[in-house]
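This is what each chain is made of:
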Amino acid sequence: MTSQLRIARPVTNLAESVAMYTQGLGLDVLGSFEEHEGFDGTMLGIRGENVHFEFTFSRLHPVAPTPTAEDLLVFYLPEMEAWQHRCKCLLAAGFKEVPSFNPYWSQNGRTFEDRDGYRLVVQRAAWSNV
């Protein structure tokens, strides 16, 4: 049996958040729904991988996102050229670069914030769970 990980987050503007993450991170739209018991949502990820993001918006009871400076998504890109390209794409998509709360992330990476205050780090390093 294959496992799947979905990270779900409420956003204030679904279309704008989807555009930021598809353009900034190069993610694909894997699926979406509208008016499902008052919710709209879009799933973003890399096709064939077992992790994706779901952004939701409640038409009936909008939820104000409340991320902290330590709520991070971290993307590891060890190759300098790919890392530089991704950082440029994030800025062009509307992310703003912010100082990292934890100085560790500034050693080999850059921290960005989306329109709702969610942060992501693009780390210029490889990672392995082995």
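As a reminder, the structure under discussion sits directly above these lines.
In this text the structure is predicted, and so the values were computed from the model without any measurement.

Thresholds, definitions, all that
Residues numbered from 1 in each chain as written. Predicted model: local features only at pLDDT ≥ 70, side-chain atom pairs only at ≥ 80, totals over all residues. Heavy atoms only, no water. Phe/Tyr/Trp six-rings, centres within 6.5 Å; stacked < 30°, edge-to-face > 60°. Helix = DSSP H or I, 4+ residues; strand = E, 2+ residues; numbered from the N terminus. Buried < 20%, exposed > 50% of the residue type's maximum accessible area, 1.4 Å probe, protein only. Lys NZ or Arg CZ within 6 Å of the ring centre and 35° of its normal. Axes fitted to C-alpha atoms, helices over the stretch in contact; angles between N-to-C directions. Parallel < 35°, antiparallel > 145°, perpendicular 65-115°, else oblique. Left-handed = near helix turned anticlockwise from the far one by under 90°. Contact = heavy atoms within 4.5 Å. Nonpolar A, V, L, I, M, F, W, Y, C, P; charged D, E, K, R; others polar.

Novice: Can you explain the packing of aromatic side chains? Please cite residues and give values.
Specialist: Scanning the entire structure with this criterion turns up 6 aromatic pairs. The interplanar angle of 75 degrees and the centroid separation of 5.1 Å between the aromatic rings of Tyr 21 and Phe 95 together place this pair among those described as edge-to-face. Of this pair, Tyr 21 sits in helix α1 (residues 14-25) while Phe 95 sits in the loop between α2 (80-92) and β6 (96-98), and the two are 74 residues apart along the sequence. Given a relative accessible area of 0%, Tyr 21 falls into the buried group. Of the residues examined, Phe 95 reaches a relative accessible area of 3% and is grouped as buried. Ring geometry for Phe 53 versus Phe 55: centroids 6.5 Å apart, planes at 15 degrees, classification stacked. A single burial state applies to Phe 53 and to Phe 55, both of which are buried. Joined through ring pairs, the aromatic side chains of Tyr 21, Phe 53, Phe 55, Phe 75 and Phe 95 make up one cluster. The ring of Trp 83 carries the charged tip of Arg 124 above its face, separated from the ring centre by 5.0 Å.

Novice: Give a description of the packing of α1 against α2 that names residues and reports values.
Specialist: Taken N-terminus to C-terminus, the directions of α1 and α2 make an angle of 155 degrees; their axes are 7 Å apart at the nearest point. As summarised for this structure, α1 and α2 are arranged roughly antiparallel, according to the angle between their axes. Handedness of the α1/α2 crossing: right-handed. Residues Gln 23, Gly 24 and Leu 25 of α1 form the contact with α2, whose own contacting residues are Arg 86, Cys 89 and Leu 90. For the contact of α1 with α2, a count of residues per class yields 3 nonpolar, 2 polar and 1 charged.

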